[in-house]
Amino acid sequence: MKDIKSMTLAELGAELKVLGEPAFRAKQIYRWMHRGVRDFSEMTDISRSLRERLTAEYTLVSPTVARRLQSQKDGTIKYLWRLMDGNCVESVLMRYHYGNTICISSEVGCRMGCAFCASTRGGLVRRLEPSEMLDQVLFSQLDSGLPISHIVLMGIGEPLDNYDNVRRFLELVNSPEGLNIGMRHISLSTCGLVDQIDRLAEEDLQLTLSVSLHAPVDEVRSSIMPVNRRWPVQELLDACRRYFEKTGRRISFEYAMIRDVNDTPEMAKQLIRRLRGIAAHVNLIPLNDVAESPLKPSLPETVLRFQKTLEASGIPATVRRTLGSDINASCGQLRRNYEAEKPKEGSGMDGSMGTDGHGKRA
């Protein structure tokens, strides 16, 4: 059975043509799916016979809320979604003055192995389908009642390690017949898969590329990010230059501030040297304190000094605003805690409020 929600409108039209249905049916069904119906029977302007045939030949996936945590300080909502196969992923809905942003996951787990990241500790379980990424946006919006205007692919998983499905998701969420979220309102974060950055550049999608850099020298970056052993810093930054030349889009470099590892004055100087000539913005991220990791967050005054050093050299730098601090946990930790507890049906845990929160998959 085919995953109908992962189909583009054109593909759905081709499927229905084979079934002998008129072209306008595809648009009707597509709109219903992108409104969040969970079953073909809810498509009330479609004939019963067609609905029954769709049910027999296609799957219509939708997630359920395993946990929903909301900050009392700033309204940030963290969702743990249970997928059709029982796996769970996280997404976070954040409120900003320019609109509501959803941070979504692209994989169940991650194989990148970054030392400071909770999401990767269980390894990669599987990659998400386009429909499962779309559902995080769609059902977060429906559950919260908040219109979503911006998306960041920065949750569990490495988006460029799931390239084809992520590319399809981008097409679906950008569709005028669907949620119609513009590419310039979408950010994609990568730990630095150079071959896929070059591939993305060729598509010239006009989204924002965010690169998880976290250290400007190979010795340090390789010690915390295994991907650097495959694509060292200079190769990664060369790919970033090519991306900018092709798309004209400034790149955001994410930099998690790790005490006594990458936050020294010398590291700031090395970062300035490396980024010279690149249209860049550096996003300094207060590190989430993951219990299993020996890496600890930089002191606030160290972060501020690092920021001022970058700005004095002409490199725009901001410190990421911390949202949902009263439900604090790094990305991936809520999923791990939930699975460790092995909740059973009827236990009263599903959808319950807790004390956890959003962090950053760096």
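Parameters and conventions
- Residues numbered from 1 in each chain as written.
- Predicted model: local features only at pLDDT ≥ 70, side-chain atom pairs only at ≥ 80, totals over all residues.
- Heavy atoms only, no water.
- Helix = DSSP H or I, 4+ residues; strand = E, 2+ residues; numbered from the N terminus.
- Buried < 20%, exposed > 50% of the residue type's maximum accessible area, 1.4 Å probe, protein only.
- Contact = heavy atoms within 4.5 Å.
- Areas by Shrake-Rupley, 256 points an atom, 1.4 Å probe, with all protein chains shown as cover.
- Polar contact = N/O pair within 3.5 Å; in protein donor to acceptor, adjacent residues only side chain to side chain.
- Pairing = 2+ DSSP bridges.
- Axes fitted to C-alpha atoms, helices over the stretch in contact; angles between N-to-C directions.
- Salt bridge = Lys/Arg side-chain N within 4 Å of Asp/Glu carboxyl O.
- Parallel < 35°, antiparallel > 145°, perpendicular 65-115°, else oblique.
- Left-handed = near helix turned anticlockwise from the far one by under 90°.
- Nonpolar A, V, L, I, M, F, W, Y, C, P; charged D, E, K, R; others polar.
- Core = buried A, V, L, I, M, F, W, Y, C linked by side-chain atoms within 4.5 Å.

Q: Even after reading the chapter, I still don't get the overall build of the protein, so can you show me in this structure?
A: Looking only at helices and strands, the protein has 11 helices and 14 strands in total. In the protein, which comprises 362 residues, the share counted as buried stands at 57%. Within the protein, contacts between residues separated by at least 24 positions form 68% of all contacts whose residues are at least 6 apart in sequence. As presented, the protein carries roughly 15,100 Å² of accessible surface, and 49% of it is formed by carbon and sulfur atoms.

Q: Help me out: how do you make sense of the environment of Arg259 in this one?
A: For Arg259, the position within the fold is in the loop between strand 12 (251-257) and helix 9 (265-275). A residue is classified by how much of its surface remains accessible, and Arg259, at 38% relative accessible area, is partly exposed. Sequence-wise, Arg259 and Leu299 are 40 residues apart; in three dimensions their C-alpha atoms are separated by 7.0 Å. Those residues in contact with Arg259, other than ones at most four positions away along the chain, are Lys296, Pro297, Ser298 and Leu299.

Q: Got a minute to help me understand unusual backbone geometry in this structure?
A: Excluding glycine, a negative phi dihedral is what most residues carry, and trans is how most peptide bonds are arranged. Even without a glycine there, the phi angle at Asp204 is positive, about 50°. Assignment of secondary structure puts Asp204 in the loop between helix 6 (194-203) and strand 11 (208-212). Within the chain, Asp260 stands out as a residue other than glycine whose phi angle is a positive 60°. For Asp260, the position within the fold is in the loop between strand 12 and helix 9.

Q: What am I meant to see in the side chain of His214 here?
A: With respect to the helices and strands, the residue His214 is situated in the loop between strand 11 and helix 7 (218-224). A polar contact is formed between the side chain of His214 and the backbone nitrogen of Ala256, at a distance of 2.7 Å.

Q: What am I meant to see in the sheet that holds strand 11 here?
A: With mixed pairing, 10 strands are arranged side by side in an open sheet as 3-4-5-6-9-10-11-12-13-14. Edge positions in the sheet fall to strand 3 (64-70) and strand 14 (317-319), since each has one partner strand and no second. Direction aside, neighbouring strands of the sheet carry axes that sit 20° apart on average. In the sheet, strand 5 (residues 88-96) pairs with strand 6 (residues 99-104) via five bridges, with the strands oriented antiparallel. If you follow Met94 over to strand 6, its bridge partner there is Thr101.

Q: I would appreciate a short explanation of the pattern of salt bridges in the present structure.
A: Between side chains of opposite charge, a pair can form when the charged atoms approach closely. Taken as a whole and judged by the stated rule, the model has 18 salt bridges. For Asp135, the salt bridge identified is with Lys5, shortest N-O distance 2.6 Å. Of the two residues, Asp135 sits in helix 4 (residues 130-144) while Lys5 sits in the loop between strand 1 (2-3) and helix 1 (9-18), which places them 130 residues apart along the sequence. Assessed through its relative accessible area of 2%, Asp135 is described here as buried. Assessed through its relative accessible area of 0%, Lys5 is described here as buried. A salt bridge links Arg242 to Asp198; the nearest nitrogen and oxygen atoms lie 2.9 Å apart. In this pair, Arg242 sits in helix 8 (residues 233-247) while Asp198 sits in helix 6, placing the two residues 44 residues apart along the sequence.

Q: What is the right way to read the packing of helix 1 against helix 2 (residues 24-33) from this model?
A: Where helix 1 meets helix 2, the axes come as close as 9 Å, and the angle between the chain directions of the two elements is 130°. Considering the angle they form, helix 1 stands oblique to helix 2. With respect to the hand of their crossing, helix 1 and helix 2 are arranged in right-handed fashion. Across the interface between the two elements, Leu9, Leu12, Gly13 and Leu16 of helix 1 pack against Arg25, Ala26, Lys27, Ile29, Tyr30 and Met33 of helix 2. Among the residues forming the contact of helix 1 with helix 2, the class breakdown is seven nonpolar, one polar and two charged.

Q: What is the right way to look at the nonpolar core in this model?
A: Looking at soluble globular proteins, one finds that nonpolar side chains tend to be buried together. Residues Ile151, Phe169 and Phe253 are the most contacted members of the largest nonpolar core, which totals 81 residues. The biggest single contributor to this core is helix 8, with six residues. Once residues lying within four places of it in the same chain are set aside, the contact partners of Phe169 are Ile104, Pro130, Met133, Leu134, Val137, Ile151 and Leu153.

Q: What am I meant to see in the packing of helix 4 against helix 5 (residues 163-173) here?
A: For any two helices packed against each other, the geometry comes down to the angle between their axes and how far apart the axes lie. Where helix 4 contacts helix 5, the two axes come as close as 8 Å, and the packing angle between them is 45°. Judged by the angle between their axes, helix 4 and helix 5 are oblique. Viewed along their axes, helix 4 and helix 5 form a crossing whose handedness is right-handed. Contacts from Pro130, Met133, Leu134 and Val137 in helix 4 reach Asn165, Val166, Arg168, Phe169, Leu172 and Val173 in helix 5. Across the contact of helix 4 with helix 5, the residue classes break down as eight nonpolar, one polar and one charged.

Q: It is not clear to me how the side chain of Asn100 should be interpreted in this structure. Could you clarify?
A: Mapped onto the elements of the fold, Asn100 is located in strand 6. For Asn100, a relative accessible area of 12% corresponds to the buried category. In this structure Asn100 touches Leu93, Met94, Arg95, Leu146, Pro147, Ile148, Ser149 and His150, once residues within four positions along its chain are discounted.

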